[in-house]
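Commentary on secondary and tertiary structure
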Amino acid sequence: MTVATHSKLLSFAEARQMVERHAATLAPTEPELTGLLDAVGLVLAEDLRADRDFPPFPRAIRDGYAVRAADVQSVPMKLHCVGTIKAGATVEESSVAVGYGEAVEIMTGAPVPAGADAVMMVEYTDSANATVTAKRAVKAGENVVPAGAEAHRDDVMVKRGTRVSHAVVAVAAAVGRPEIDVYRRPTVAVLATGDELVDINLPPGPNEIRNSNSYSLAAQVNAAGGEPVILPVARDDAADLALLLRKGLDADLLLLSGGVSMGKFDLVEEALASLGAEFFFTSVAIQPGKPVVFGEVALNGKPTPFFGLPGNPVSTMVTFQLFVRPVLDALAGAKPDSLPFTQAVLKAPLTTKTGLTRFLPGKLDGAQDKPGVELVRWQGSGDLMAAAKANCYIVVPPDREQFEAGETITVLLS
Ligand code: AMP
Ligand code: MG
């Protein structure tokens, strides 16, 4: 182990800034025309533009009567009903004009006819035969969205670099795009290390455990729009590691788990260093996850970022969210999102030691007015069950030992 690689301890904020700065230098993968639903979770490589005005016609947004607002200033006011327009009415059906003292019955989503400049809600009217009585004054423009009010033809409706959500899918569908240009999923090699690990479809020996990290990481990669490539488990052996590292460095990003602590068989940094790795940090003052490593290796001239994540399953999960995510976002073509911090009221007192920023598994309740949070009881950073119960991390700053019940505390949504 070279001393130099073990000297880069950063605070949480410094490490996060380091990752964000590096992420900003990374080029995204190349664009690919992709089926709309397959593009969900990926990042737009083109601006989505309006193919027509939105809305394309002045749209009624309530069921009621299209009127001239000037006619309905004093109430009650009787108007003569001269027709009905439904959503999807033909041009002919919608071509009635509203004249002085007239109204046209109209449905939500229908085009407001010529002459009318407002829709009065059906709730504020009485109707009998062809006469409708307005019971409330109407303002010009009420309940009508003018043609082009949301977007004009050729306007950018969603910008390149936006992650495709169901709402972006809605825009793409509305502008008639069954396929859209998105950046290819970055490939992410997932390499677990450890002599104690067996794959999940093999029976573990008495001192062995199943490799869960490769799967939790692959799930996190998937959710972030990456393409996980799970490599065989590397033994705690320099030659085996070197071989698999080379494979892993073919990917756009390499994630290792385990082998980054101070143990005699923690060989990951050494193996990376022997390939000429540059290390940006080799530990961060956090718990869980302190030994996390971030760097870059250039094999065959192609620099590939890598993370050595600590092997304890909860550490692996937290450090992915805290540090890997911005790099993966950048490779996927998105500006890194800031971390989803929020505040909640502690339901029970909490005591920790100072010195490290802690991310402790927590359960946030859904109270709308005053969300509360409590620790999930855990046996430390190997406790998979605690992680599976948690829906957030309680963030304890490095300079506080004691929090009382009822205090507001920072929470990181997971
Ligand atoms: P390490 O970071 O290699 O020192 O591992 C720390 C702890 O995490 C040890 O108890 C390991 O057995 C456990 N661990 C390491 N890798 C994995 C993995 N892929 N899946 C589940 N547990 C792991
Ligand atoms: Mg290990």
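Model, not experiment: these values are computed from the prediction.

The next point concerns the overall build of the protein. What the protein contains, in helices and strands, is 7 helices and 30 strands. For a compact globule of 414 residues, the expected C-alpha radius of gyration is about 22 Å, and the protein comes in at 30 Å, more than 25% above that figure. Projecting the C-alpha coordinates of the protein onto the three principal axes gives extents of approximately 90 × 55 × 40 Å. A total of 414 residues make up the protein; the buried ones form 46% of that total. Across the protein, the fraction of contacts at a sequence separation of at least 24, relative to all contacts at a separation of at least 6, is 72%. Element-wise, carbon and sulfur atoms account for 54% of the exposed surface of the protein, whose accessible area totals about 19,900 Å².

Here we take up the packing of helix α3 (residues 213-223) against helix α6 (residues 313-331). Where α3 meets α6, the axes come as close as 10 Å, and the angle between the chain directions of the two elements is 30°. It follows from the interaxial angle that α3 and α6 lie roughly parallel. Crossing of α3 against α6: the hand is right-handed. Residue-level inspection shows N213, S216, L217, Q220 and V221 of α3 in contact with α6, the latter providing P313, T316, M317, F320, Q321 and L328. Across the contact of α3 with α6, the residue classes tally to 6 nonpolar, 5 polar and no charged.

To continue, consider the side chain of T133. When you line up the elements, T133 lands in strand β10 (residues 131-134). Excluding its chain neighbours within four sequence positions, the residues that come into contact with T133 are P76, M77, K78, Y124, T125 and D126.

On the basis of which strands lie adjacent, the open sheet formed by 6 strands has the order β17-β14-β18-β23-β22-β19 and mixed pairing. At either end of the open sheet lies a strand with only one pairing partner, and these are β17 (227-230) and β19 (278-281). Averaged over all adjacent pairs, the angle separating strand axes in this sheet is 25°, with direction ignored. Direction of pairing for strand β14 (residues 187-192) relative to strand β18 (residues 253-257): parallel, over a ladder of 5 bridges. Bridge pairing in β18 places V190 opposite L255. Taken strand by strand, α3 contacts β14, β17, β18 and β23 (302-309), and its axis lies near 165° from that of β17. Here helix α4 (residues 238-248) sits on the sheet in contact with β14, β18 and β22 (293-299), set at roughly 145° to β18.

Bringing α4 into the picture now. Among the residues of α4, those classed as buried are L241, L244, L245 and G248. Around the axis of α4, the buried residues are gathered within 110° of arc, so they sit on the same side. Relative to its buried face, α4 has exposed residues pointing more than 90 degrees away, namely A239, L243 and K247. Residues of α4 that are buried in the fold lie against β14, β18 and α5 (268-274).

The environment of ligand 1 is formed by 16 residues, the closest being E196, N211, S212, G259 and G311. With respect to ligand 1, the backbone of N213 contributes an N or O atom lying 3.3 Å from a nitrogen atom. In this structure, an oxygen atom belonging to ligand 1 sits 2.9 Å away from a main-chain N or O atom of G311. Here ligand 1 loses 78% of its free accessible area of 490 Å² to cover by the protein chains. Grouping the constituent residues of the shell around ligand 1 by class yields 5 nonpolar, 9 polar and 2 charged.

Judged by nonpolar contacts, the single largest core of 38 residues is most densely connected at L253, L255, F281, F307, L322, F323 and F359. Within the residue set of this core, elements represented by two or more residues are α1 (12-24), β14, α3, β18, β19, β23, α6 and β28 (392-396). Looking at this core element by element, the count peaks at 11 residues for α6. Other than its neighbours up to four places away in sequence, F281 contacts K8, L10, A15, M18, V19, V292, V293, F294 and F323. L191, L245, L275 and F306 belong to the second-largest nonpolar core, a separate cluster that totals 23 residues.

Turning to the environment of S257, a few remarks are in order. Locating S257 in the fold gives a position in strand β18. Measuring from C-alpha to C-alpha, the distance between S257 and F307 comes to 8.3 Å, with 50 residues separating the pair along the chain. Every residue in contact with S257, bar those within four places of it in the chain, is listed here: L191, A192, T193, N213, L217, L309, G311 and T316.

This part takes up the side chain of T319. You can see T319 is positioned in helix α6. When its relative accessible area of 0% is taken as the criterion, T319 is described as buried. The residues contacting T319, other than those within four sequence positions of it, are I286, G289, V292, L309, P310 and V324.

Applying the stated criterion across every chain yields a total of 7 aromatic pairs. Each ring, one from F12 and one from F359, has its centre 5.2 Å from the other, and the planes form 65°; the classification is edge-to-face. Here F12, found in helix α1, pairs with F359, found in strand β26 (residues 357-364); they are 347 residues apart in sequence, far enough to count as distant. Neither residue differs from the other here; F12 and F359 are each classed as buried. Ring centres of F294 and F307 lie 4.5 Å apart, and the angle between their planes is 10°; this geometry places the pair in the stacked category. Of this pair, F294 sits in strand β22 while F307 sits in strand β23, placing them 13 residues apart in sequence. Each member of the pair, F294 as well as F307, carries the same accessibility label: buried. In textbook terms, an aromatic cluster arises when at least three aromatic residues are bridged by ring pairs, as seen for F12, F280, F281, F294, F307, F323 and F359. Over the ring of Y124 we find R136, and its NZ or CZ is 3.9 Å from the ring centre. Across from the ring centre of F403, 3.9 Å away, lies the NZ or CZ of R400, which sits over that ring.

Criteria and cut-off values
- Along each chain, the written sequence defines residue order, and numbers are assigned to residues from 1.
- Think of it this way: whatever chain is written first is A, whatever ligand is written first is 1, and the rest follow in order.
- Local features in this predicted model are restricted to residues of pLDDT 70 or higher, and side-chain atom pairs are both shown and tallied only at a pLDDT of 80 or more, whereas totals for entire chains, interfaces and linings draw on every residue.
- By convention in this description, side-chain values take in all heavy atoms of the structure and omit both hydrogens and water.
- We count a stretch as a helix when DSSP gives it H or I for four or more residues in a row; a strand needs E for two or more, and each element gets its number in order from the N terminus.
- In this description the radius of gyration comes from C-alpha coordinates, and the expected globular size is given by 2.2 Å times residues to the power 0.38.
- Throughout, exposure labels follow a simple rule: accessible area from a 1.4 Å probe, protein chains only, divided by the maximum for the residue type, with under 20% read as buried, over 50% as exposed, and the rest as partly exposed.
- Note on contacts: a residue pair qualifies if any of its non-hydrogen atoms lie within 4.5 Å across the two residues.
- Only the protein chains shown count as covering a residue, and every accessible area follows the Shrake-Rupley method with a 1.4 Å probe.
- Helix axes are fitted to C-alpha atoms over the stretch in contact, other axes to C-alpha atoms as well, and angles between N-to-C directions run from 0 to 180 degrees.
- When an angle is under 35 degrees it counts as roughly parallel; over 145 it counts as roughly antiparallel; between 65 and 115 it counts as roughly perpendicular; any other value is oblique.
- Crossing handedness: left-handed means the near helix sits turned counterclockwise from the far one by under a right angle, and right-handed means the same turn made clockwise.
- Each residue gets one of three labels, nonpolar for Ala, Val, Leu, Ile, Met, Phe, Trp, Tyr, Cys and Pro, charged for Asp, Glu, Lys and Arg, and polar for the others, Gly among them.
- When DSSP finds two or more bridges between a pair of strands, those strands are recorded as paired.
- Summarising the geometry, the arc corresponds to the directions from the helix axis toward the C-beta atoms.
- One heavy atom suffices: a residue is near a molecule or strand as soon as one of its heavy atoms comes within 4 Å of it.
- Think of a polar contact as two N or O atoms within 3.5 Å of one another; within protein, one of them needs to be a possible hydrogen donor and the other a possible acceptor, and neighboring residues in sequence only count if both atoms come from side chains.
- Residues enter a nonpolar core if they are buried and are Ala, Val, Leu, Ile, Met, Phe, Trp, Tyr or Cys, with the set joined through side-chain atoms within 4.5 Å.
- Classification of ring pairs rests on two measures: the distance between centres of Phe, Tyr or Trp rings, Trp counted by its six-membered ring, which must be within 6.5 Å, and the angle between planes, read as stacked under 30 degrees, edge-to-face over 60 and tilted in between.
- Charge-over-ring placement is defined geometrically: NZ (Lys) or CZ (Arg) within 6 Å of the ring centre, and within 35 degrees of the ring normal.

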